[in-house]
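Listed below are the residues making up each chain.
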Amino acid sequence: MATIPQPLGQTGAPDAPRARADLPVLGMTCAACVRRVERALRAAPGVQEATVNLVTQRATVTYDAEATAPAALARAIVEAGYEVPDAPEPEPPAGAAEAAPPAPGAAAAPPADLTAAPPAGPAPAPPAAPTAAPPAGRPEASPSPRSRPTASQRAAAMAEAELKEQRALRRDVALAAVLTAPLLVVGMSHGAIPALAGPAGRWLQLALATVVVLGPGRRFFRLAWGALRHRAADMNTLVSLGTGAAWLYSAAAVVTPGLFPHAEHGHAPAVYFEAAAAIVTFVLLGKLLETRARRRLADAVRGLVALQPKAARRVRGDAEEEVPAAALAPGDLVLVRPGERVATDGEVVRGASAVDESMLTGESMPVDKTAGSPVFGGTLNQGGAITFRVTRTGADTALARIVEAVEQAQGSRAPIARLADVVSGVFVPIVLGVATVTLIAWLAVDPTPSGLSVAVERFVAVLVIACPCALGLATPAAVAVGTGRGAELGVLVKGGAALEAASRIDMILLDKTGTLTSGRPELTDVIGAAPGGEAELLGLVAAAEHGSEHPVARAIVEGARGRGVVLAPAAEFRSEIGHGIEARVAGRLVRVGTAAWLRRAGVDAGALEAEAERLAGRGRTPSFVAVDGRLAGLVAVADRPTEGARRAIAAVKQLGVDAAMVTGDRAGAARGVADELGIALVFAEVKPEDKARIVAEQRAAGRRVAMVGDGINDAPALASADVGIALGSGTDIALASADVALLRGGIAGLPVALGLARATLRTIRQNLFWAFVYNVIGIPIAAGLLYPLTGWLLSPVLASAAMSLSSVSVLGNSLRLRAFGR
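What you see is a predicted model; the values in this text were computed from it and never measured. (Residues numbered from 1 in each chain as written. Predicted model: local features only at pLDDT ≥ 70, side-chain atom pairs only at ≥ 80, totals over all residues. Heavy atoms only, no water.)

A. Up close: the overall build of the protein. Scanning the protein from N- to C-terminus turns up 27 helices and 26 strands. Carbon and sulfur atoms form 60% of the exposed surface of the protein, whose accessible area is close to 34800 Å². (Helix = DSSP H or I, 4+ residues; strand = E, 2+ residues; numbered from the N terminus. Areas by Shrake-Rupley, 256 points an atom, 1.4 Å probe, with all protein chains shown as cover.)

Next comes the structure, spelled out in structure tokens:
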């Protein structure tokens, strides 16, 4: 993938070409890692701005293309202790194709999987609203062949790197688990297995633990060393301290037992190999689960791009040719047959059809298209064949701009603060200081060889009781149980960050179509011009509409059958797309359509227009009916709210959360549904990118916002909200962009998701409290602070027991979440 600096205005040196590079970064585990990578990048020559996102594992760097290059930026990240996946070498800056080759002996930079584009000086324009297209005859310029790599290419590159990381983690977890299981059996047997009670068992434990700690566990030591080089401490520091102290002490106890007090009397010093191995195994398992959840982020972009067909049928004169969609240019004529997707944005020049734009606009009804109507790439042609002139291609299309909006929303989301990482920055230096002071104090009291052994034992006891096993389990244990219970209840949560954010939600923005409603029209009203003839009127209308495939027609036919109406055969069916239909039923000519269409046929619909306006104001879609040239009545359909939506809104209000509707549908339809559900705040006729803007405005006002939706048009808002919640019945793109998916029961699962999130965060806080309580109480005892007063000394054995007890309490407390919702 090419890295192509492009001019972006004047900052710094005149005419200095600025560029932006997106670098995937692997190995980050916490907020401290993010800060370290940002510091390393900002310290590199020529870097003007650097931001790192922990969730997407990506660094976005704005730099002076004459002062540095992406390869140098990748080297800065590698030197900070992290990985940048391999990729083809970047291309030279624009205009530098004839640049001199590197000087002999110049250090080769590590290859990097990089993407670059002009950086955002002013904020990029929001995605184009799918409401209008440039007029024919004014085609826009095609995108440059040297433009930024496509969204699908960027997503594929990151997915490949994360898949490689996931394979490595899976291998390490399997190896660690296989070796830790027998180690736990031997270590916890305490002589119950005679053959392993002596030196042979101790040497076996040493061998098994060494492979685990120095094999799968080596990544923690490498990252902890990187943190130490930058004078920082993070979760890797805690893990390395715990495993390293337990392994080193135990190895010394096995290899040189004479260094320890009482060894000359035949008392073998205790070993803690099982603790070291268990810490490595559990933490690696948590990382594997986190990687699996994070990898699904790229599914959103891949799913959006997949909507655009790979090929299109271009028309040249009387000939048709199938060409790649990427080869289309503004001004080309393209034929789209029924059932096919539109390849790119354009304007209809021939034909008429109904096009399903719900995936882009949220409009539940297919939109009628005739000559002059705009069409948009990725939408589905449901009716007749149409020919359109291409007006936008590539990154300028409505679909491409929605893709960009999703990418920006995902990339700009600040990673959730992890309490364990924040505390570790203070906790680790304190523990090291206490352990060192303990060693020096005991040596000062007794500088003899025996005193040295006691001092070392006190030193190790402090480090063992400060082992981060419980601290490391506090969050993932609660998240594992909470997400597992959520799956049982039909709520899929993408990790602890989503749970924590969902627990703080105080405002919910809900899409209408398919979220609060069923997503399909239903017959709601039948009104006759003369009282008492509704059943006969419905029978005539349904019989006439039976020959149409339009969703409104299907709703009328299904509604009639549901009311027990028998349909008579119809003949001479004729349809005018966007206007109405007519057919002869039992010898009577039935027309169903708009008032203007009936007026052209000589039928005055004025007597029922006030009633039609009243129905439209309640969110209905009315159609006038004429029989044998006389106004007979009207029928109306609507996308009605579901019963589950009514219960969900009521339950959410009881949780103290405000609800608002955000939809691309008409204001009347939106208001009608909102009134039925008791929702006061409504944003209607909202474009996809404006949904994300509304989310941003609510967040700027201090609200913790959740967005609930099910369509592609919801994807940018789902990704930019504090929590995105998608319905399992919705599109794969919406599910991939969301943090929470309601797999069954639709919107009815919303209060369950919020309640579970609050219960899980409450459990995490309790876990962290108990984990620290054990350390705070145990460290002074392990250091011997109470020895002069009580004679108490906490041996490493008891320190290990206290550590295990803290882990058991954390796990036991987390398991209480299994009772949620019972």
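B. Representation of the sheet that holds strand β24 (residues 705-709) in the model. The seven strands are arranged β14-β26-β25-β24-β15-β22-β23 in an open sheet whose pairing can be described as mixed. Unpaired on one side and paired on the other, β14 (491-493) and β23 (681-683) mark the two borders of the sheet. Across this sheet, the average inter-strand angle for adjacent strands is 20°, counted without regard to direction. Two strands pair when backbone bridges link them, and strand β22 (residues 658-662) and β23 are joined in this way by three bridges, in the parallel orientation. Directly across from Ala-660, in β23, lies its bridge partner Leu-681. (Pairing = 2+ DSSP bridges. Axes fitted to C-alpha atoms, helices over the stretch in contact; angles between N-to-C directions.)

C. Structural view of the sheet that holds strand β9 (residues 353-356). If you walk across this open sheet you meet the three strands as β10-β9-β12, and the pairing is antiparallel. Edge positions in the open sheet fall to β10 (367-369) and β12 (380-381), since each of these has one partner strand only. Taken together, the two bridges between β9 and β12 define a ladder with antiparallel strand orientation. Following the sheet pairing, Val-355 is matched in β12 by Asn-381.

D. Spatial organisation of the side chain of Thr-397. Looking at the secondary structure, you find Thr-397 in the loop between β13 (386-392) and α10 (398-412). When neighbours within four sequence positions are excluded, Thr-397 is seen to be in contact with Thr-344, Asp-345 and Arg-392. (Contact = heavy atoms within 4.5 Å.)

E. Molecular detail of the nonpolar core. If you look at the biggest cluster of nonpolar residues, it comprises 57 residues, and the most contacted ones within it are Ile-508, Leu-510, Leu-516 and Leu-750. With 12 residues, the single largest contributor to this core is helix α25 (residues 750-783). Residues within four places of Leu-750 in sequence aside, it is in contact with Ile-508, Leu-510, Val-652, Val-708, Ile-725 and Leu-742. Counting residues in each nonpolar core, the second largest holds 29 residues, with Ala-176, Leu-206, Ala-251 and Ala-275 among its members. (Core = buried A, V, L, I, M, F, W, Y, C linked by side-chain atoms within 4.5 Å. Buried < 20%, exposed > 50% of the residue type's maximum accessible area, 1.4 Å probe, protein only.)

F. Layout of helix α2 (residues 70-79). Inspection of α2 places Pro-70, Ala-71, Leu-73, Ala-74, Ala-76 and Ile-77 among the buried residues, and these make up the whole buried set. Directly after α2, the chain includes Gly-81, whose backbone phi takes a positive value near 105°.

G. Examining the pairing of strand β20 (residues 621-627) more closely. Burial analysis of β20 places five of its seven residues in the buried class, which makes it a mostly covered element. As paired elements, strand β19 (residues 588-593) and β20 share four bridges and run antiparallel to each other. In the strand pairing of β20, Val-592 is matched with Val-625. Relative to strand β21 (residues 630-638), β20 is paired through seven bridges, and the arrangement is antiparallel. Residue pairing for β21: Phe-624 is matched across the bridge by Leu-634.

H. Focus on the packing of helix α20 (residues 643-654) against α25. The geometry of α20 relative to α25 is characterised by a closest axis approach of 8 Å and an angle of 30° between their N-to-C directions. Here α25 runs roughly parallel to α20, going by the angle between their axes. Taking contact as the criterion, the partners of Ala-648, Ala-651 and Val-652 in α20 are, on α25, Leu-750, Pro-751 and Leu-754. Partitioned by chemical class, the residues of the contact of α20 with α25 number six nonpolar, no polar and no charged. (Parallel < 35°, antiparallel > 145°, perpendicular 65-115°, else oblique. Nonpolar A, V, L, I, M, F, W, Y, C, P; charged D, E, K, R; others polar.)

I. Looking closely at the environment of Trp-247. Looking at where Trp-247 falls in the secondary structure, it is placed in helix α6 (residues 235-255). What makes Trp-247 buried here is its relative accessible area of 17%. Sequence separation of Trp-247 and Thr-210 is 37 residues, and the distance between their C-alpha atoms is 7.7 Å. Contact partners of Trp-247, with chain neighbours within four places excluded, come to Leu-206, Ala-209, Thr-210, Val-213, Phe-273 and Ala-276. A distance of 3.1 Å separates a polar atom in the side chain of Trp-247 from a polar atom in the side chain of Thr-210. (Polar contact = N/O pair within 3.5 Å; in protein donor to acceptor, adjacent residues only side chain to side chain.)

J. Representation of the pairing of strand β8 (residues 345-351). The pairing of β8 with β13 spans six bridges and is antiparallel. If you follow Arg-350 over to β13, its bridge partner there is Thr-387. Of the pairings in the sheet, the one linking β8 to strand β11 (residues 374-375) comprises two bridges and is antiparallel in character. Paired with Gly-346 across the strands is Val-375, a residue of β11.

K. Representation of unusual backbone geometry within the structure. Even without being glycine, Ala-586 reaches a positive phi, approximately 50°. Relative to the helices and strands, Ala-586 is located in the loop between β18 (580-585) and β19. Since its relative accessible area comes to 66%, Ala-586 is described here as exposed.

L. Here's a closer look at α20. The first and last C-alpha atoms of α20 sit 17 Å apart over 12 residues, in line with the 16 Å expected at 1.5 Å per residue. All buried positions along α20 are accounted for by Gly-644, Ala-645, Ala-648, Ile-649 and Val-652. Looking straight down α20, one finds that the buried residues subtend no more than 130° of arc, so they occupy a single side. Exposed residues pointing more than 90 degrees away from the buried face of α20 are listed as Arg-647 and Gln-654. (Expected span 1.5 Å × (residues − 1). Arc of directions from axis to C-beta.)

M. Here's a closer look at the packing of aromatic side chains. Under the definition given, this model contains two aromatic pairs. A ring pair is formed by Trp-442 and Tyr-787, whose centres lie 5.8 Å apart and whose planes are at 55°; its orientation type is tilted. Of this pair, Trp-442 sits in helix α11 (residues 419-445) while Tyr-787 sits in helix α26 (residues 787-790), placing them 345 residues apart in sequence. Accessibility expressed as a relative area gives 16% for Trp-442, which makes it buried. By relative accessible area, Tyr-787 is classed as partly exposed at 40%. For the ring pair Phe-769 and Trp-770, a centre distance of 5.3 Å and an interplane angle of 75° mean the geometry is edge-to-face. (Phe/Tyr/Trp six-rings, centres within 6.5 Å; stacked < 30°, edge-to-face > 60°.)

N. Representation of the confidence of the model for the protein. Here the protein averages 76 in pLDDT, and 73% of its residues register 70 or above. When the elements of the protein are averaged for pLDDT, strand β4 (residues 115-117) gives the smallest value, 38, and strand β7 (residues 333-336) the largest, 95. Segment residues 1-14: pLDDT under 50, and 47 contacts once partners within four positions in sequence are set aside and those in other chains are kept. Confidence drops under pLDDT 50 across residues 409-417; counting only partners more than four residues distant or on other chains, this segment forms 26 contacts. (pLDDT = per-residue confidence, 0-100.)

O. Representation of the environment of Ala-719 within the structure. Here Ala-719 is to be found in helix α23 (residues 715-720). When its relative accessible area of 0% is taken as the criterion, Ala-719 is described as buried. Separated by 20 residues in the primary sequence, Ala-719 and Asp-739 place their C-alpha atoms 8.0 Å from one another.

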